[in-house]
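The lines below spell out each chain.
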Amino acid sequence: MKDGIEDQGKNTRGKDTDEFAEERSITSRQRARSQLSKEIEDFLAAGGAIHEVDPEVTADPPRKPQPKYGSRPI
């Protein structure tokens, strides 16, 4: 008998599975780093550019506080 609980358990990735262990291994991280560096080199070779953003720059600039005291109806 298949119910939703059994199917969920089979589809979720547990910490004991080989897939999770592969994601966390040193060799998989080295492989990901080398792939990323290759992609960056290809991007730069194709004429792309990388621009650094200053750490103090944010996506949302500060807004002026809105007075809300007494704005709700009684």
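The rules behind each value
- Residues numbered from 1 in each chain as written.
- Predicted model: local features only at pLDDT ≥ 70, side-chain atom pairs only at ≥ 80, totals over all residues.
- Heavy atoms only, no water.
- Helix = DSSP H or I, 4+ residues; strand = E, 2+ residues; numbered from the N terminus.
- Buried < 20%, exposed > 50% of the residue type's maximum accessible area, 1.4 Å probe, protein only.
- pLDDT = per-residue confidence, 0-100.
- Patch = residues over 30% accessible without salt bridge, like charges linked within 9 Å, V, L, I, M, F, W, Y side chains within 5 Å.
- Areas by Shrake-Rupley, 256 points an atom, 1.4 Å probe, with all protein chains shown as cover.
- Salt bridge = Lys/Arg side-chain N within 4 Å of Asp/Glu carboxyl O.
- Expected span 1.5 Å × (residues − 1).

> Explain the overall build of the protein chain residue by residue, including any values.
Secondary structure summary: the protein chain contains three helices and zero strands in total. The secondary structure elements of the protein chain, listed N-terminal to C-terminal, are α-α-α. Looking at the 74 residues of the protein chain, the share that counts as buried comes to 1%.

> So what about the confidence of the model for the protein chain? Which residues, and what values?
Detailed reading of the predicted coordinates is not advisable wherever pLDDT falls low. Summarising the model, the protein chain shows a mean pLDDT of 77, and 69% of its residues fall at 70 or more. Mean pLDDT across the elements of the protein chain ranges from a minimum in helix α1 (residues 4-11), with 48, to a maximum in helix α3 (residues 26-45), with 94.

> Break down a nonpolar patch on the surface for me, citing the residues and quoting the values.
Together, L36, I40, F43, L44 and I50 line one region of the surface with nonpolar side chains, adding up to about 460 Å² of accessible area. Summarising the element assignment, I40 is placed in helix α3. Given the relative accessible area of 34%, I40 is considered partly exposed.

> Run through α3, naming residues and quoting values.
Its 20 residues place the ends of α3 28 Å apart at the C-alpha level, agreeing with the 28 Å of an ideal helix rising 1.5 Å per residue. Taken from the residues just after α3, G47 is the one with a positive phi, measuring 100°.

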